Amino acid sequence: MLFNSLPFLYGFLPLTYLVFWRLNGKQSRYVWLTLTGYVFYAFWNYRFCALMALSTVVSYLAGLGLRTWTDPQRRRLCLIAPVTIDLCLLGFFKYANFAMDTANRAAGLLHLPFYLSGPEIILPVGISFYTFHTITYIVDAYRRTITPTRNFFEFSCYVSLFSQLVAGPIVRFSQIERDLENIDRGDRRAGWALGWSFFTIGMVKKVLIADTIAAAINPALADVTTLSTSSAWLCLLGYAYQIYFDFSGYSDMAVGLGHLFGLRIPQNFNSPYQALDISDFWRRWHISLSTCLRDYLYIPLGGNRGPRWMAYRNVMITMLLGGLWHGASWTFVAWGGYHGALLMAYRLGRRHWDAAPALLRRAGTFLLVLVGWVFFRSTSFPMAIDWLERMFAWRPAPALSGASLFLLVLAVSAAVAHFGSNTFAMRHQPRPAVAVSLAVLFALGLLVIYGGPRMPFLYFQF
Amino acid sequence: MTGPAAAPARSQTPWRLAVLVPVTIGCAFAADLTLRMLPHDLFSFRAWEATRTPGEDAPFLPNHRYHSDRTYGNLAAVGNLRAFRQYRSVTFTTDELGYANAPDLARRGGAAAIVFGSSFAAGSELGDDSTLAAQLARQTGRTVYNAGGGDPNFAEIRWLARRLVAPGGLVILEYPERGDVPFITPVHVTHRTARCREVIAPRLTGVCSVLGWLARHAAVSPLQILAQRGLKLLQDDRWLPNPYAGTVLQARLRDGQGMLFLAQERVAFHLAAPDAPAVRYVRWLDRKLGRENFRVLVVLVPRKYTVYAPLLDPPDPGPDQSAPYLDRVEQGLRAAGIPVVNLTARFRAAATAALGRGGAGGGSIYFPDDTHWNAAGAALAARDIARTWGGLEP
């Protein structure tokens with residue numbers, strides 16, 4: 001089920017909300033949110049609910065073990081077993097086909113008599129997110145930064161919370177633990193106002209901005225070899241804003257829904273296109289993932305400690321795996337590698353970069369990020385190379401035709417992304433005129449949902 | 001982490017997002033429900049969509065009359081090609097069984113022939129006087145019942161023929177060139193209303209009608225239709241690219257006349273479809289209906305693209321096959337002794353003859369903006385069928 005769908009807005013959300021606030025006890029609210037999370041997930045494919053339940057039960061039991069036992073051996077077992085199971089699930093469902101395909105290609109290149117085949121494996125929606133939820137929980141419990149809960153439904157509610165289930169943000173247990181503990185004491189009215197404000201802004205971002213851009217650039221990107229230089233750049237700009245407004249729109253909606261149920265979901269985007277350098281960009285873009293990668297991968301690898309080359313190696317490993325997390329394709333690995341290289345280059349030339357005027361640094365960072373999106377959006381390396389070639393080797397032809405509205409939306413997107421404040425920095429007390437305007441935009445968004453094709457969030461595929 | 005601004009003070013003004021947005025959702029939901037109660041005629045662009053009852057016994061609403069002076073072709077609609085729309089006036093009447101006939105035809109019974117088949121037979125985009133059955137009746141002076149428009153199985157064919165056709169009458173099977181065998185469903189009445197009637201006592205059949213009405217109105221959202229139209233206005237290749245244009249092929253005939261085709265038809269034109277399943281099925285059906293004392297006549301109707309492919313600019317010579325699909329089906333049926341009318345050659349000849357006479361009124365046999373034949377095409381088919389029918393008489 002999508003947040004931007006009629007069954008969600010007319011059925012799921014009102015029912016979940018009304019029953020939730022009718023229930024009084026903590027336990028009944030945990031159970032209700034768990035149940036609704038599974039129903040929400042089952043709308044996509046009910047068979048994969050079992051997978052989420054398995055991951056939940058294993059991690060819960062491991063959490064109990066970590067809570068009870070103090071001897072290092074048992075505690076290590078409670079860390080390794082569930083993390084291995086989670087990674088195996090993720091590896092099998094997300095990367096098995098990719099691994100087979102890569103092995104077959106390599107065998108073909110080397111003329112080896114070798115071919116692996118297997119069934120086409122369906123990628124369960126949200127598996128990258130809920131496995132990260134459970135892994136961070138286990139690791140935090142092992143590090144004793146959280147106390148694992150004894151209440152199974154509190155934990156299952158945390159894992160299957162519908163607002164963050166399929167595309168994050170990746171909320172760590174420590175970030176939401178207090179709200180979960182006080183789930184029976186939430187301020188319904190305050191959450192109601194804040195929740196609708198976030199949700200409305202997210203919906204407008206997704207449906208009116210991201211989807212309009214997608215409608216214009218997707219037909220053009222279906223065959224990049226026909227693009228002129230200006231079209232290639234326009235498509236790239238369009239995609240940069242599409243992915244930002246799509247994902248930050250989803251995150252805003254998730255935060256808004258959290259508020260409606262008395263849960264504060266942390267910020268995931270902090271105006272990333274206003275970043276002054278690439279390191280700053282990663283502190284602002286998909287914050288929940290980048291902090292996870294930092295705390296659970298980069299720092300355990302050694303972080304900045306040791307010789308300089310070790311730090312660079314750690315950055316590169318982190319970014320390559322971060323790229324691979326996004327999707328089972330070498331183009332995502334290339335995207336991660338590109339950002340890893342940018343981060344290393346920034347560390348090397350930091351003094352010179354930081355000396356430049358802020359406006360120049362901001363523009364430069366955006367340009368570098370922009371080029372990276374070519375690999376992220378391309379479905380193959382030939383597509384990425386064709387696209388880059390068309391961007392940098394002059395091909396005179398008219399810019400994207402038949403897309404006046406796209407240019408208009410692009411201009412608005414650019415203004416908001418580069419100069420506007422992000423949703424968390426806004427005062428959620430708009431003047432009546434602004435509130436009415438936003439409500440009109442929301443109504444327009446509803447009409448687009450009615451009339452347009454089903455448009456899932458981009459991050460659902462990761 | 002930057003925290004969000006504090007929740008607003010509990011202001012009493014209704015001009016707050018927390019009021020406006022939930023109210024907007026509620027209003028949209030209420031509007032959706034209300035509009036679903038209204039007849040679909042108000043929102044459809046042609047009779048086919050306004051009167052269809054998918055999943056029911058009959059293809060259309062029973063005892064219904066649809067009239068519009070501004071219907072246009074399905075290709076112009078599917079491809080969102082406003083410039084290609086050709087508006088026309090259509091009156092479409094259904095009888096008490098839900099087929100496109102004069103209201104009292106089902107009651108009278110005793111028809112000399114009954115026509116089963118696709119939307120071609122039913123008369124998509126044709127008025128009451130121009131359907132294949134109506135024109136066949138006019139040309140032969142006999143009563144012909146139009147049972148086209150559904151995908152009836154054998155049980156339904158038999159039930160309708162027994163009820164409406166005189167013993168020894170003719171069952172005309174219109175078979176469109178689509179390569180898949182029609183009516184292959186087992187001999188069960190599978191449709192929803194019929195099942196419902198079997199389960200619920202006859203006195204409660206009113207419940208079935210209510211359920212049917214609810215199902216039909218639950219399935220169609222006029223608000224969705226209106227929103228789609230609004231969005232399609234923007235997707236005009238000026239404001240936004242038209243994502244639907246690829247589903248329709250915009251082509252020109254040798255005389256410069258513009259003609260739309262379903263893009264899939266061109267793909268299918270170049271594929272070699274096996275003829276054996278269709279021949280096997282029709283032979284089986286012929287045997288079954290023969291036991292019921294009915295004669296069978298098969299009418300093979302080519303796709304629009306098949307008819308016009310040689311007349312396109314440049315022409316599409318088509319696949320390198322020993323014989324086109326419908327020709328092979330025709331040969332198979334003739335070998336089995338089943339009377340058959342293959343309209344391909346006749347239609348191509350008529351389309352070639354019409355070249356240079358231009359547009360809709362210039363002798364075209366298909367609507368330029370629709371996949372279906374027009375009144376002239378149906379008349380041509382009726383003439384060929386009438387001639388073959390005459391030859392079948394003892």
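Please refer to the structure higher up on the page.
Right, let's walk through the structure included here. Keep in mind it's a predicted model, so treat the numbers as computed, not measured.

To continue, consider helix 9 (residues 229–260) of chain A. Residue and element names in this part refer to chain A. With 32 residues, helix 9 extends 46 Å from end C-alpha to end C-alpha; this agrees with the ideal 46 Å at 1.5 Å per step. For helix 9, the tally of buried residues reaches 29 of 32 residues, placing the bulk of the element in the interior. Backbone geometry just downstream of helix 9 places Gly-262 in the positive-phi region, at approximately 75°.

Many descriptions give the size of an interface as the accessible area lost when the pieces come together. Counting residues at the interface gives 33 residues for chain B, matched by 44 residues for chain A. The contact between chain B and chain A buries some 3300 Å² in all, and 74% of this surface belongs to carbon and sulfur atoms. Across the chain B-chain A interface, the total number found is zero salt bridges. Taken together, the connections running from chain B to chain A amount to six residue pairs in polar contact (both at pLDDT 80 or more). Among the secondary structure elements, those contributing two or more residues to the side of chain B that touches chain A are helix 1 (17–37) and helix 10 (222–234) of chain B. Among the elements that take part in the side of chain B that touches chain A, helix 1 of chain B stands out by supplying ten residues, more than any other. Partitioning the side of chain B that touches chain A into residue classes produces 22 nonpolar, six polar and five charged.

The next subject is helix 6 (residues 152–160) of chain A. Residues and elements named next belong to chain A. With seven of nine residues buried, helix 6 is to be regarded as a mostly interior element. Residues of helix 6 that are buried include every one of Glu-154, Phe-155, Ser-156, Cys-157, Tyr-158, Val-159 and Ser-160, and no others. Those residues of helix 6 hidden inside the fold are in contact with helix 2 (26–45), helix 3 (49–68), helix 5 (127–142) and helix 7 (173–181). Where helix 6 begins, one side-chain oxygen reaches toward the backbone nitrogen of Phe-153, 2.9 Å away; that side chain belongs to Asn-151.

Turning next to the nonpolar core. Residues and elements named next belong to chain A. Grouped together as the largest cluster of nonpolar side chains are 155 residues, with contacts concentrated most on Phe-3, Phe-8, Phe-199, Tyr-273, Trp-373 and Trp-387. Top contributing element to this core by residue count: helix 9, with 17 residues. Once residues lying within four places of it in the same chain are set aside, the contact partners of Tyr-273 are Ala-240, Tyr-241, Ile-243, Tyr-244, Phe-281, Trp-285, Arg-362, Phe-366, Val-369, Trp-373, Ala-417 and His-418.

When charged atoms on two side chains of opposite charge get close, those side chains can pair. Tallied over the entire structure, the rule returns 30 salt bridges over all chains. The shortest N-O distance in the salt bridge between Asp295(A) and Arg172(A) comes to 2.9 Å. On the criterion of sequence distance, the pair formed by Asp295(A) in helix 11 (residues 287–301) and Arg172(A) in the loop between helix 6 and helix 7 is long-range, its members being 123 residues apart. Relative accessible area serves as the criterion here: at 16%, Asp295(A) is assigned to the buried category. Judged by its relative accessible area of 12%, Arg172(A) falls in the buried class. The partner of Glu96(B) in a salt bridge is Arg107(B), and the shortest N-O contact between them spans 3.1 Å. Of this pair, Glu96(B) sits in the loop between strand 2 (88–93) and helix 4 (105–108) while Arg107(B) sits in helix 4, placing them eleven residues apart in sequence. For Arg107(B), a relative accessible area of 59% puts it in the exposed group. Among the ionic contacts, a cluster of salt bridges with common partners joins Arg172(A), Arg294(A) and Asp295(A).

The rules behind these values
- Residues numbered from 1 in each chain as written.
- Chains lettered and ligands numbered in written order.
- Predicted model: local features only at pLDDT ≥ 70, side-chain atom pairs only at ≥ 80, totals over all residues.
- Heavy atoms only, no water.
- Helix = DSSP H or I, 4+ residues; strand = E, 2+ residues; numbered from the N terminus.
- Expected span 1.5 Å × (residues − 1).
- Buried < 20%, exposed > 50% of the residue type's maximum accessible area, 1.4 Å probe, protein only.
- Contact = heavy atoms within 4.5 Å.
- Buried area = accessible area lost by both parts, 1.4 Å probe.
- Salt bridge = Lys/Arg side-chain N within 4 Å of Asp/Glu carboxyl O.
- Polar contact = N/O pair within 3.5 Å; in protein donor to acceptor, adjacent residues only side chain to side chain.
- Nonpolar A, V, L, I, M, F, W, Y, C, P; charged D, E, K, R; others polar.
- Core = buried A, V, L, I, M, F, W, Y, C linked by side-chain atoms within 4.5 Å.

Just geometry here; none of it tells us what the structure is for.
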